Every structure is written in structure tokens, then in C-alpha cells.
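As a plain string of letters, each chain reads:
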Amino acid sequence: MAKEKVSLFAEFVKGLWKENPVLVMLLGLCPTLAVTNSAINGLSMGLAVIFTLVCSSTLISLVRKIIPKEVRIPTFIIVIATFVTVTDLTLAAFFPDISKSLGPFVPLIVVNCIVLGRQEAFASKNPVHRAIIDALGMSIGFTLTLIVLGSIRELLGSGTIFSFQIMPASFQPWMVMGLPPGAFLTLGLMIGIANWVKAKKQ
Amino acid sequence: MNKSAKMVIVLTATAILSGGVLAYFDLFTSPIIAAYQSNELKNAIGVVLPGIISYDEKVINDTQFYLGKNKDGGLIGVAFLAEGNGFQSKIKILVGMNPEFTKIQRLKILQQAETPGLGTKIENDLTNKSDKFWFLNQFKDLKVGTGITYVKNKKPSQEGEIQAITGATISSKSVVNILNDTIDKSRKAFFAEFSGNCVNKDQKGEIKNEIYKVIPGSVSCDKEIINDTKFYLGKNKKGDLVGVAFIAEGYGFESKIKMLVGIDPEFKKILRLKILQQAETPEIGTKIEDDSTNISDRFWFMNQFKNLEVDSGITYILNKKPSKAGEIQAITGATISSELIVDILNSTIKTNREIFLSKVKSIRNREVK
Amino acid sequence: MKLILIFISAAIVNNYVLIQFLGICPFVGVSKKIGPSLSMGMATTFVMTLAASVSWLINHFILVGLHLEFLRIVSFILVIASLVQLVEMFVRKVSKPLYDALGIYLPLITTNCAILGVALFLVIKEYNFIESVVFGFSAGAGFTMAIVIMAGIREQLDLADVPEYFKGAPITMIVAGCLALAFMGFAGLI
């Protein structure tokens, strides 16, 4: 298929901002809202997604020529699910506290549109090195977004970021930030601001 | 290669590889996960049974108990798991109680996934600046004799009462219900170690027959352990409790004396007495069990205790026939043996009366509710 | 009694979308108009109930019976994907009108995290079979309610003067936040 020689650097950077999976492409919203009640949870989920996406993209890209088109979706799903289970088990064994905070959202990475989306749109159609870079870019973009969202919610919701007390002791936390409404509102504002910044840049 | 075949092969290969990788990972991580969970349990037991040095795991009547011991090996607490449904998730609580099962020492929530910010307050409440763990702390040293109750929107005022969390009534109620049900079941399991079966492992059925002899009219026997003391409950054909038996032992003049005491359910009257073991001075002290010098009644000494009223204690008299309630005649020439028997009986009956009757009272109180 | 509690919990008090954060993607994507939203909701409810039942059976008899819990994620997602495929084929054969109404939404439901979420949750909560089916149905009902309400609001929003950069996703999120806030009021209900 026709493709301009996009530089590897550009491949990487696009996931961070221009095609940020959450703020621009509106993918992977479920875990974004669910685990960003604190910065550390956002970071942990991000790392789990980075691992899953990079591994899946690598493997899928490596075997892309052997997978018949008709069965590609089930194959992608099996591969992704395997890596997600590996992540889940690893967390449960070596980082049990994180495993408990992230709860059932680690298995839900399987249906995270970002992961499946990248396999379909990119990894299955590109050589390995590009696939890895794309995966890294997208998942790091995702992670950064989660950290920002998580930090905002944690800061306003409990006065801390990464459990470091930032707000003065007299600050009355906005409980709503740790709860679902706060998540929706903050994300909505972030996407709105992202739209505004993008428009400004043009 | 034929297209369909390729599809099948690719899918099957993927599935097998996936299964293989996951099986390997599972093998590798599951011992670690299991070790972590048992460590968590160990720490939790230390939290709910303060002051213990070690604990034993024991399954009694299909229930897993953790018996906490102090440095002398004495039992100072019993822990067990209580679980049930909360508002939206399974709640698992480790309960630490005193060995009499009358008081909760501490609680620890092992697992819950209630509504964040509301139901989760049962585990920690960030809106309470002075005490995040106020809900659980209410259960510290809580007397649970007649069951735990809860009140809403005001401070608890009675024994066994706690305050529910505003806006999380169901979660709070669930915790209380889980505790009440499980404490009840665990108490019954713990105290009824070999209920319905009075055969002592080392005496192989001997005890049962002896019990029927010291509790006249009994046809069945249940064993109950209260406060580490074994009570044998003798029931008649209808299932009514007609007597309680227990072992009384202590030092005689020359040997350890072991007796089986059959007493009425109110602990007011000895029904029968039987000596299980003694090695007192032959022909003198041994008369407590068998006095061959008394032609009409060799077992006269023991027979004195038949239906003897003991609620004000047993007394003895020398060289005279007994004239008062609760009085018996000591054996001439074997005063000390006789005296010691009376002492052993008095102290054991008094102790066991308290233990047994307080348990009966607590059961009666709960049923009255 | 417990079944009613499960229904109220999954549909209202712990509404799947607004409180549990599952099913957000279709929630944002399909809630522009009431008609399609209702169809999506019903299709989702149907799949959720079916998926809950099948997942329970698989979990109970195969995964737990053979100590293969680590295969849970893989097996559940495959089952759900296949289930959706089967349902789509079945509906297309059996009832063309129904297919026209719901059919196109079905593939979208596969990656709906809410379905896998339902399956995983019922394992965590250790529901029995009947409870799982009710749970699946209730979650779907809650999802339908949320998406239809959202569609109603968005239809109104189309007529309102929303700031340029907030049109679309941002305002949807903010509205969802307000809805979530409203639904939180149910928390003290029971």
C-alpha cells in the first residue's frame, strides 16, 4: 500500500499529542476514567498498557504475513488476551497492592480499543520496528494523559500527588474528584482544552 | 496451502501457544501469589488477636480456627473468617475473639469492593479526619453476648451496639449480619468439639459407659467443651438433659485421684460419683473406692455422695453418721484421703458450676431475644 | 429479594456507565439520538444477559472445575466475540426487521468493555447462575437508561450554544459528569 516515508520519530511523537489516543481519538476511555483517581494508579495502568501494547504489536507485526485476513481479529484477541493475563498475573504476584487498586481494569485492557485498534490499523500492516515505535508512542501518550488526569484528580480530591502532600493542610479536598462525576468533568475539560490548543496551533 | 486449512492451523497454533505461555506463567506466579496471601493472613491474625506470640490452625467441626497463644502457650484468642454479601461485593472479615466467644478483640477487613467513597468507609473513611478507621474501631473489645446491633445517626449507647455509616447503611448492616451469623456458628462449632460422641480417643468407649452410670436415666451422651473444660451432657430418651458429668482430679494422700462426677443440670446435687483412678494407701486410703471391712456395703464411702446436696459445699465429719445436708462421714484412719476428696470435689464443682451455668445463661438470654 | 437488590444495584445505584465506568466508548459514540440509543441499549442488554449466563457456565464447569483460572480472560473474550458473531448471524436469519434495527450495533458491542466487565464482575462477586443472569440483564438495563437519557440531553444540546472547542466529546463528558452526580444521589437509596 502507498505510504510516505514517515520518520520513526514522527511515528513515535504522534501518539503523544497529535493522535493522542484518549484526547483526540477518544479511545480507551473506560480505564482512563476508572483508574485515574490517583496519579500512581494512572501510572500503573499506563505501564500495564505499554507492556501489553508493545508486546502485542511486536508479535502481531512479526507474524503479520502468516495470519489469514479472515481470522485476524480472533488471532489479535488471543494474543492480546495472553499478554494481558501475563500482566495481570505478574502484578498479582509482584505488586499485589497495585493489583488490588487497579482491580478488574487490568483484564479489561483486552477490550481497550487502543490495543485492538493499533493491531488492526498499524501493527498488522507495518514492519516490526515501526510497529514497536507506534506502540510506544501511543501507549506513552496514553500513560501521560492518565498521569495528568490522575494528578489533577488526586490533587483536588485529596491534596496530594503521588501521595506527596502538595496542598496546604487547610485545603478542603473536593471529594467529588475521586468519584465518577469528577472523572467525567475533568476529562471533558481536558478534551475541550486539547481541542482549543490544537485549533490555536493551526 | 488451502485457505481454510491455513485459517484453522493459525488459530489452533495461536491458541495452543497462548495456552502454553499462560500455563507456564501461572505455574510460576501462583506459588508467589499464594505465599503473599498466606502472609497477609498471618499479619491479619496478628492484628485481630493482639498480644499473641504464635498461633495454631485447627479445623473443628468443618470450621477453620486460628488459636492464638501467648508466650506460656496459653490460649488467649480465637480467630476465624467471616464472609458474606455486602451491598455490592463479597465482604471477608477476619474476626478475633476471646476464647469464651463473648467479646470481639479486633476486626480486620480482608476483602471488600463496596461503593467507593461510601460503602468503602467500612474499611477506611477519609471524611473522618480524626479517625479514618472509626467504623472498625467500634468493634474493639465489643461485647457480643446477645448479638451486635446498630443505630443510625447517633452514638451507640448500649452494650454490643455500633453506629452505622450514614449513606452506607446496607454495607454497615451487612457487616453486622455477617458477624452475628458467623460468630454464632463459630461459637457452636468451637465448643461442640465432638458433640454427640462421648468416646474419648484414649479411653475407647469406657467413658461413655461410666457416664451412664453416674447420670442415672441417661441414654445418650454429648460432649461439650466450655473454657477448655470437658462436660458430658447426659440426656434421657426424650432428649432432656438429666445430668452433667465431668472429671474432677487432684492430689490425694499418696497419689493422683481422678473421679467422674455426675451432677444435676443445676449443679445443686451430685447424682453419682465414681473413682476412675487412685493409688492411696492400701487397705486404708483405698477404702474410698472399696472397703472390704464393711460387710454390708463395700462402696459405702462413694454411696454417701448419691444425691448429695452440694450447693453450699460438701463437709465431712469423723466417727459419726452425717446429720446435715451436704455432710459425709470420713473414713476412720484415712482422714486425709477423705478430706482431700472432699476438697477436690468442692473446688471442681464450684468452678465447673460457674463455667457451665454462665454458658447456659448466655444461651438462654440469646434465645429470649 | 436479593435479586431485586442486584437489579437496583447494577441498574441504578452502581449504574454501569455512570458509576462503574464501563461501556463509555459506545456511550459517547452512539448517544447522539434517542432512537439508535434505545436500539443499542437493547442489543447490549440482550448480549450482556447472554454473556453473563455463558460466562458463568464456563467459569463454573470448566475454569474452576479444571483449575484453569488463568485462562479466564482469554476464554471469556473469545466466548463473547463468538457469541456476538452468532447472535448477529442468528438475528439476520430469523428476523430481518430486528436485524435492521439492532444488527449494525452488534459488532460494536464486542469491544464494549461493559460486556467483559459483566463477565468478570460476576466471577468476583461470586454470584450463582440466576444471580448472574439477573446481574447481566440489570447492567444492560442501566446502560440503556444512561445512554437514552444522554441521547435525550444531546438532542437538546444540538440546539444549544456550546463553545466551539467543547462540542462533541468534551460536552458529552461534562454532561455525563452531571448525570453521574445525579445518579450518586441514589447511593443512599437502599
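Residues numbered from 1 in each chain as written. Chains lettered and ligands numbered in written order. Predicted model: local features only at pLDDT ≥ 70, side-chain atom pairs only at ≥ 80, totals over all residues.

Visitor: Before we go on, may I ask you to explain the packing of helix α4 (residues 72-94) of chain C against helix α7 (residues 113-124) of chain C in this structure?
Guide: All names here are of chain C. Interaxial distance between α4 and α7 falls to 10 Å at its minimum, and their mutual angle equals 130°. Classed by the angle they form, the pair α4 and α7 counts as oblique. Regarding α4 and α7, the two cross each other, and that crossing is right-handed. Here F76, I77 and I80 of α4 lie close against α7, whose contacting residues are I115, L116 and A119. A breakdown of the residues in the contact of α4 with α7 according to their chemical character gives six nonpolar, no polar and no charged. (Axes fitted to C-alpha atoms, helices over the stretch in contact; angles between N-to-C directions. Helix = DSSP H or I, 4+ residues; strand = E, 2+ residues; numbered from the N terminus. Parallel < 35°, antiparallel > 145°, perpendicular 65-115°, else oblique. Left-handed = near helix turned anticlockwise from the far one by under 90°. Contact = placed C-beta atoms within 7 Å. Nonpolar A, V, L, I, M, F, W, Y, C, P; charged D, E, K, R; others polar.)

Visitor: Please explain the interface of chain A and chain C as it appears in this structure.
Guide: Accessible area lost when the parts come together is the quantity often used to give the size of an interface. With 34 residues of chain A at the interface, the matching set in chain C holds 32 residues. Sorting the residues of the side of chain A that touches chain C by element identifies α2 (29-34), α4 (72-94), α6 (113-121) and α8 (180-201) of chain A as the ones contributing at least two each. The class makeup of the residues in the side of chain A that touches chain C is 28 nonpolar, five polar and one charged.

Visitor: Please clarify how the confidence of the model for chain B should be interpreted in this entry.
Guide: Where the model shows low pLDDT, its predicted coordinates should not be examined in detail. Residue and element names in this part refer to chain B. Residues of chain B with pLDDT of at least 70 account for 92%, and the chain-wide mean is 83. Contacts for the low-pLDDT stretch residues 193-197, under 50 throughout, to residues beyond four places or in other chains number nine contacts. Scored below 50 in pLDDT, residues 199-204 makes five contacts in the model with residues more than four places away or belonging to other chains. Listed scores for the predicted complex are pTM 0.64 and ipTM 0.73. (pLDDT = per-residue confidence, 0-100.)

Visitor: Just to check I follow, could you spell out unusual backbone geometry for this structure?
Guide: Note: most peptide bonds trans; most residues except glycine with negative phi. All names here are of chain B. We note that D228 has phi near 65°; this positive angle belongs to a residue other than glycine. Tracing the backbone shows D228 in the loop between β9 (220-226) and β10 (229-235). Owing to 9 C-beta atoms within 10 Å, D228 belongs among the exposed residues under this scheme. The residue N319 is not glycine, and still its phi comes out positive at about 60°. N319 sits in the exposed class, given 8 other C-beta atoms within 10 Å. (Buried ≥ 20, exposed ≤ 12 C-beta atoms within 10 Å, placed from the backbone.)

Visitor: Help me understand the nonpolar core in this model?
Guide: When a protein is soluble and globular, its nonpolar side chains tend to lie buried together. Among the nonpolar cores identified, the biggest contains 123 residues, and I77, L116 and V118 of chain C are the most heavily contacted of them. If one sorts the elements of this core by residue count, helix α8 (residues 129-157) of chain C sits on top with 12 residues. Setting aside residues no more than four positions away along its own chain, L116 of chain C makes contact with L108, V110 and V111 of chain A together with F76, I77 and I80 of chain C. The next biggest cluster of nonpolar side chains, apart from the first, holds 39 residues, and it includes I93, I104, L118 and V144 of chain B. (Core = buried A, V, L, I, M, F, W, Y, C linked by C-beta atoms within 7 Å.)

Visitor: Help me understand the sheet that holds strand β1 (residues 54-60) of chain B, please; the structure alone is not making it clear to me.
Guide: Paired through their backbone hydrogen bonds, the strands of a sheet run either parallel or antiparallel. Residues and elements named next belong to chain B. As summarised here, the arrangement of the six strands in space is β1-β2-β3-β4-β5-β6, forming an open sheet in which the pairing is antiparallel. Looking at which strands have only one partner, the edges of the open sheet turn out to be β1 and β6 (142-143). Across six bridges, strand β4 (residues 90-97) lies against strand β5 (residues 103-111) in antiparallel orientation. Within β5, the residue paired with G96 across the bridge is R106. Those strands touched by helix α1 (residues 3-48) are β1, β2 (63-69), β3 (75-85), β4 and β5, and its axis lies near 150° from that of β5. Sitting on the sheet, helix α3 (residues 169-191) is in contact with β1, β2, β3 and β4, with an inclination near 130° to β3. (Pairing = 2+ DSSP bridges.)

Visitor: Can you help me understand the pairing of β3 of chain B in this one?
Guide: As a general feature of sheets, a regular strand has side chains that alternate between the two faces. Residues and elements named next belong to chain B. Direction of pairing for β2 relative to β3: antiparallel, over a ladder of four bridges. Of the residues in β3, the one forming a bridge with K69 is L75. Hairpin connection between β2 and β3: a loop of five residues separates the two successive antiparallel strands, and G73 in this loop has a positive phi of roughly 85°. As paired elements, β3 and β4 share eight bridges and run antiparallel to each other. Bridging from a neighbouring strand, G84 pairs with I91 of β4.

Visitor: What should I look at first to understand the sheet that holds strand β13 (residues 269-277) of chain B in this one?
Guide: Residues and elements named next belong to chain B. A sheet is described by the order of its strands in space; here six strands give the open sequence β9-β10-β11-β12-β13-β14, paired in antiparallel fashion. Here the strands that pair on one side only, and so sit at the sheet edges, are β9 and β14 (308-309). Where β9 and β10 come together, seven bridges link them in antiparallel fashion. Residue I226 lies in a different strand from β10, and its bridge partner there is T229.

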